[in-house]
Structures are given as structure tokens and as C-alpha cells.
There are 2 protein chains.
Amino acid sequence: MGKKGEDNRQRIIDAADQLFFKRGFNQTSFQDISDATGIPRGNFYYYFKTKEDILDAVLQLRRDMFIDSLKQIEVNTGNPLERLIKLADMLDVNSDDILASGCPIGSLSTELAKGTKDLQEKSQVVFQAIKQWASVQFSAMGVQRSDDAAMDLLAWMQGVTVMACAFKDVAFLQRSLQELKQWLKQKAHSKVVESA
Amino acid sequence: MGKKGEDNRQRIIDAADQLFFKRGFNQTSFQDISDATGIPRGNFYYYFKTKEDILDAVLQLRRDMFIDSLKQIEVNTGNPLERLIKLADMLDVNSDDILASGCPIGSLSTELAKGTKDLQEKSQVVFQAIKQWASVQFSAMGVQRSDDAAMDLLAWMQGVTVMACAFKDVAFLQRSLQELKQWLKQKAHSKVVESA
DNA sequence: GTCTATAGCCGGATAGAC
DNA sequence: GTCTATCCGGCTATAGAC
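Computed from a predicted structure; not experimentally measured.

Asks: How should the nonpolar core be read in this particular structure?
Replies: Nonpolar side chains tend toward joint burial in soluble globular proteins. Counting 123 residues, the largest nonpolar core has Phe138, Leu153 and Leu184 of chain A together with Phe138, Leu153 and Leu184 of chain B as its most contacted members. What leucine 153 of chain A contacts, discounting residues up to four positions off in sequence, is Leu84, Leu87, Ala134, Phe138, Leu180, Trp183 and Leu184 of chain A.

Right, dumping it as C-alpha cells:
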């Protein structure tokens, strides 16, 4: 806590997080992060051994941020259906960024999938956390095969994001979000029918 | 046709096409393409002024290849529902590549979205060709708002691809493909009900 | 802990011989 | 048309002064 460097370290991670999203991991240079923070390039190696170490820190940050957001949703919302709807609504809340740069997690995962096996595995961590949370909510809703449902939800959100970003089509994003919410509500209702 | 260089030019484009898919556009160097073809780096500039010109040629190749494939489907299949199912089945036919590197069009679009505005617009062209073809098929099926249906289909395929690639999950890919086909069949049937 | 200077490499692009 | 040699710049990473 008292360490001076912890502040600089966090500023590097925060800037890298933004730049990895806007430009991609490979296309973000130490110079870019230096320009954004005012911290000299050479100084980075005091906090991180390699660029990949910065990536690790960014992935951990994103995972922690998501887990925080999801816990907030759990605190504020008792109904699992409404919780999942709030997750989906992130597409609307962040629509400007999504149209411009896609999904921070999905686009990074897509980029890292083309790298070394080491890199490929790292990108799963954030998705895993969200998937697990969504699965728990589906399960609480009484949905069978909640893991499958969680994957379907994530796939839906990713697909909408890829196409909306490719065509810069906010109307498609909004329409798909409505249909996604309908699908979630049907999931919640159909479990009643099936369990009857 | 008699030009000697046309052969080399095509070999460069074909190698770039593969490499852009496996490693990404930015992460593919002239050296990589040279290694794959045996053609010296410096020679590339006889056929292309810049790396972006190679990208243009690759995008045109992919568009042409898709248009060819879709025309083949039209020739071999009279029923628009079965045509769309054959389009979806590309997820199965190319499942190994998809698990390893994602969708050639989607992943490139995601990468280029983080580049200059010039690059962003180019990636739309291939998607546009497939979307238009799918829209025609939905329309022939009697589906209302066929453009929306085409976007939904592409988004579904992209979402499945992103998640299947991220988790290297072939079972999810297969399951989602079955559900996608069911959705297509429901679309085909529901239009009868609505028009009755 | 902070910063400058620079090594060492590799990228896209060019010039010009053959 | 084909190929070699090379320029110039940017990259990650390192060394070492302060």
C-alpha cells in the first residue's frame, strides 16, 4: 500500500486495458502506453518482465471487474431472470464502445486464438467466470442443462457484437437485444411447463 | 493469361489468405509469405504496391470464393430452406479450422475494426455478399423482414464460432449447429402459419 | 524507484543489377 | 520479370546513471 510504484503499476494496467481494447494487443506498443500514461518506456520493466505479463495483468483486471459487476447485480437483483437480463443489457450500456471496437473479451480472445498455445488458454479465463455465473443463474431459474444455456447466452451476445461492429449497425444491436431478452423470459417460463 | 507473373501473383494471394486466417493480418509479415511461397520479399512489390493491396486481393478472393460456393448451393439445391442449411453446415465442414482459428471473415473483421476507418470498411464486403444471398433465400421461403433474418443467421454463426474457438469446444459447435437448423426449419414453417 | 540511452531485431518499403 | 541488397523506422527488451 505504501509502495510508490503500485500507483504507476495500476496506471500502466489501466492504460493497457483501454488500448488493448481499442487497438488490439499486438498493435499496442509500449510507446502507446507510455504516451497515455506519461511513464517512460524503460520504466515498464520495473513492474513487468515482458509485454505478456502486462497482458496477464489486464486479463486479471477484466476478470475482477466482471466478477465485481456480477456481484453488484446479485446484490441489487434477487430474481435470476432479471439478473441475466442485466447482463444482456451491458450490450446496450456499452453500445458505443461495442460498435467501435467490439467486445473487449471476445475480440481479445479472437486475437489471441491466432497466437501461441500459451496465449490461447489465457483468454478463456474471463469468459469462464461469466459463463459460470450465468450458469448459476439459469440453474436458479430451474433451467435444465444450465451450462449449455450459459454458452448459448454468451454465444448470442458475441454474435450480435461481431455483426453490429462489422456493420456499425446500432439498430441491429438494439433489436437483437430485445429478442435476446424475450428468449431469456421464455427460458424462465418453459421450465415451469417442463417441471409440471 | 500469357503473363508469367499472374501465377506468382496468385500464389502470393493464396498464401496470404491462409496466413491472414491462421495468424491474423497484422501478425503476418512479408517474410512469412515469402517463406510459404519461396518468392523473395522484394518481388512482392512488383505485384502489389503495399501490404494493404495484398489485403484487398485476399478480401476479393474470399468474396469470390463465397459467391462461387453459394452459387454451387443454388445449382445443387432447389429448396431455399435446404440452401440455408447448407450454408450453416459450413460450420461442420470446416470445424477443425474454426476451432483453431475462428471464422476467416469474422476474425478478420474483428481485427480490422481496430484499425483505420479505411480498413474497417473493407471487411464488410464479404459479409455483405453472404448476407444478401441469405436474405434472398429467406425471402424465397416467404419469411418477413428477410434482411433481419439474414443478420440473425450470420450473428448466430459468428457467436457459435467465437465461443467454440475460445473454449476449443467441438461439442458446443455441433449442438449449436443442430439448434440453428431447427431454428431455420421453424422459420420456414412459421411463415405458412402467418400467411394463412 | 525513476529515467535515458541504446542494443538487437524485424517490419514494410525501395533501388537497381540482371 | 526476377532477385539481392539495403534503407529507415518501430518494436521489445536491456544496461546502467541518477
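Asks: Before we go on, may I ask you to explain the environment of aspartate 14 of chain B in this structure?
Replies: All names here are of chain B. On the secondary structure map, aspartate 14 appears in helix 1 (residues 5-23). When its relative accessible area of 34% is taken as the criterion, aspartate 14 is described as partly exposed. In the structure, aspartate 14 is positioned 19 residues away from isoleucine 33 in sequence and 9.5 Å away in space, judged by C-alpha atoms.

Asks: Please explain the relation of the copies chain A and chain B as it appears in this structure.
Replies: Mapping one chain copy onto the other needs a rotation about an axis and a shift along that axis. Expressed as a screw transformation, the operator carrying chain A onto chain B has a rotation angle of 180° and an axial translation of 0.0 Å, and the superposed copies differ by an RMSD of 0.0 Å. Here the two chains are linked by the operation of a two-fold rotation axis. Residue glycine 159 of chain A, judged by its C-alpha, is the member of chain A lying nearest the rotation axis, at 1.8 Å. A share of 100% of interface residues in chain A that are also interface residues in chain B marks the association as one of identical surfaces.

Asks: What is the right way to look at the protein's contact with DNA strand D in this model?
Replies: Around DNA strand D there are 17 residues in total, and Phe30, Tyr45 and Lys51 of chain A together with Tyr46 and Tyr47 of chain B lie nearest to it. Looking at DNA strand D alone, sugar and phosphate atoms form 76% of those within 4 Å of the protein. A distance of 2.9 Å is found between a phosphate oxygen of DNA strand D and a backbone nitrogen or oxygen belonging to phenylalanine 30 of chain A. Contacts to DNA strand D include lysine 51 of chain A, whose backbone N or O atom sits 2.9 Å from a phosphate oxygen. Of all elements in the fold, only helix 2 (30-37) of chain A together with helix 1 and helix 3 (44-47) of chain B reach the threshold of two or more residues within the surface near DNA strand D.

Asks: So what exactly am I meant to see when it comes to the interface of chain A and chain B here?
Replies: One frequently used descriptor of interface size is the decrease in accessible area upon assembly of the parts. Between chain A and chain B, the residue contacts involve 38 residues of the former and 38 residues of the latter. Buried area between chain A and chain B, both sides added, is near 3,100 Å², and the carbon and sulfur share of it is 62%. It is Lys114, Met151 and Phe167 of chain A that lose the most area in chain A upon contact with chain B, and together they represent 23% of the buried surface on that side. Summed over the shared surface of chain A and chain B, the number is 4 salt bridges. Between aspartate 152 of chain B and arginine 175 of chain A there is a salt bridge, with its nearest N and O atoms 3.1 Å apart. Here the side of chain A that touches chain B takes 13 residues from helix 11 (residues 146-167) of chain A, the largest share from any one element. Class assignment of the residues belonging to the side of chain A that touches chain B gives a composition of 15 nonpolar, 13 polar and 10 charged.

Asks: Even after reading the chapter, I still don't get the protein's contact with DNA strand C, so can you show me in this structure?
Replies: Contacts to DNA strand C come from 15 residues, most closely from Tyr46 and Tyr47 of chain A together with Phe30, Tyr45 and Lys51 of chain B. Taking all atoms of DNA strand C within 4 Å of the protein, the share assigned to sugar and phosphate is 76%. Between serine 29 of chain B and DNA strand C, the recorded distance is 3.4 Å, taken from a side-chain N or O atom to a phosphate oxygen. For the surface near DNA strand C, the per-class residue count stands at 5 nonpolar, 7 polar and 3 charged.

Asks: How should the pattern of salt bridges be read in this particular structure?
Replies: Two side chains bearing opposite charge may form a pair once their charged atoms approach each other closely. Summed over all chains, the structure comprises 23 salt bridges over all chains. Residue glutamate 52 of chain A is joined to lysine 122 of chain A by a salt bridge in which the shortest nitrogen-to-oxygen separation is 2.6 Å. Pair noted here: glutamate 52 of chain A is in helix 4 (residues 51-76) and lysine 122 of chain A is in helix 9 (residues 117-122), with a separation of 70 residues, a long-range link. Using a relative accessible area of 16% as the deciding quantity, one classes lysine 122 of chain A as buried. With its nearest N and O atoms 3.5 Å apart, the salt bridge here joins aspartate 118 of chain B to lysine 122 of chain B. A residue pair is termed a helical-turn pair when its members lie 3 or 4 positions apart in one helix, as aspartate 118 of chain B and lysine 122 of chain B do in helix 8 (residues 117-122) at 4 residues. Linked by salt bridges that have partners in common, Glu52, Asp56, Asp118 and Lys122 of chain A make up one network.

Asks: Can you walk me through the packing of helix 4 of chain A against helix 10 (residues 124-141) of chain A in this structure?
Replies: Relative orientation and spacing of two packed helices are given, respectively, by the angle between their axes and the distance between those axes. All names here are of chain A. For the pair helix 4 and helix 10, interaxial distance at closest approach is 8 Å and the crossing angle is 15°. Our classification of the angle between helix 4 and helix 10 gives roughly parallel. Seen from above, helix 4 lies across helix 10 with right-handed handedness. In this structure, helix 4 contributes Leu59, Arg62, Arg63, Phe66, Ile67, Leu70, Ile73 and Glu74 to the contact, and helix 10 contributes Val125, Val126, Ala129, Ile130, Trp133 and Gln137.

Asks: Explain the state of the cysteines to me, please; I cannot follow it from the model alone.
Replies: By the definition in use, this model includes 0 disulfides over all chains. No disulfide involves cysteine 103 of chain A; its sulfur sits 10 Å from the nearest other cysteine sulfur, which is in cysteine 165 of chain A.

Asks: What exactly am I supposed to notice about helix 4 (residues 51-76) of chain B here?
Replies: Each full turn of the α-helix corresponds to 3.6 residues, which orients residues three or four apart in the same direction. Helix length check: helix 4 of chain B (26 residues) gives 38 Å between terminal C-alpha atoms against 38 Å at 1.5 Å per residue, within 8%. When we look at burial in helix 4 of chain B, the residues that qualify are Ile54, Leu55, Ala57, Val58, Leu59, Leu61, Arg62, Leu70 and Ile73 of chain B.

Asks: Quick question: what am I supposed to make of the environment of glycine 38 of chain B here?
Replies: With respect to the element layout, glycine 38 of chain B can be found in the loop between helix 2 (30-37) and helix 3. Measuring from C-alpha to C-alpha, the distance between glycine 38 of chain B and serine 176 of chain B comes to 41 Å, with 138 residues separating the pair along the chain.

Asks: Would you take a moment to explain the packing of aromatic side chains for this structure?
Replies: Each aromatic ring pair is summarised here by two numbers: the centre-to-centre distance and the angle between the ring planes. The tally for this structure, following the rule as stated, stands at 14 aromatic pairs over all chains. Between the aromatic rings of tyrosine 46 of chain A and tyrosine 47 of chain A, the centroid separation amounts to 5.0 Å while the plane-to-plane angle is 85°, which identifies the pairing as edge-to-face. Taking 5.5 Å as the distance between ring centres and 45° as the angle between the ring planes, the aromatic pair formed by tryptophan 156 of chain B and tryptophan 183 of chain B counts as tilted. Highlighted residues: tryptophan 156 of chain B in helix 10 (residues 146-167) and tryptophan 183 of chain B in helix 11 (residues 170-195), separated in sequence by 27 residues.

Thresholds applied
Residues numbered from 1 in each chain as written. Chains lettered and ligands numbered in written order. Predicted model: local features only at pLDDT ≥ 70, side-chain atom pairs only at ≥ 80, totals over all residues. Heavy atoms only, no water. Core = buried A, V, L, I, M, F, W, Y, C linked by side-chain atoms within 4.5 Å. Buried < 20%, exposed > 50% of the residue type's maximum accessible area, 1.4 Å probe, protein only. Contact = heavy atoms within 4.5 Å. Helix = DSSP H or I, 4+ residues; strand = E, 2+ residues; numbered from the N terminus. Least-squares fit on C-alpha atoms with pLDDT ≥ 70 in both. Near = heavy atom within 4 Å. Polar contact = N/O pair within 3.5 Å; in protein donor to acceptor, adjacent residues only side chain to side chain. Buried area = accessible area lost by both parts, 1.4 Å probe. Salt bridge = Lys/Arg side-chain N within 4 Å of Asp/Glu carboxyl O. Nonpolar A, V, L, I, M, F, W, Y, C, P; charged D, E, K, R; others polar. Axes fitted to C-alpha atoms, helices over the stretch in contact; angles between N-to-C directions. Parallel < 35°, antiparallel > 145°, perpendicular 65-115°, else oblique. Left-handed = near helix turned anticlockwise from the far one by under 90°. Disulfide = S-S within 2.5 Å. Expected span 1.5 Å × (residues − 1). Phe/Tyr/Trp six-rings, centres within 6.5 Å; stacked < 30°, edge-to-face > 60°.

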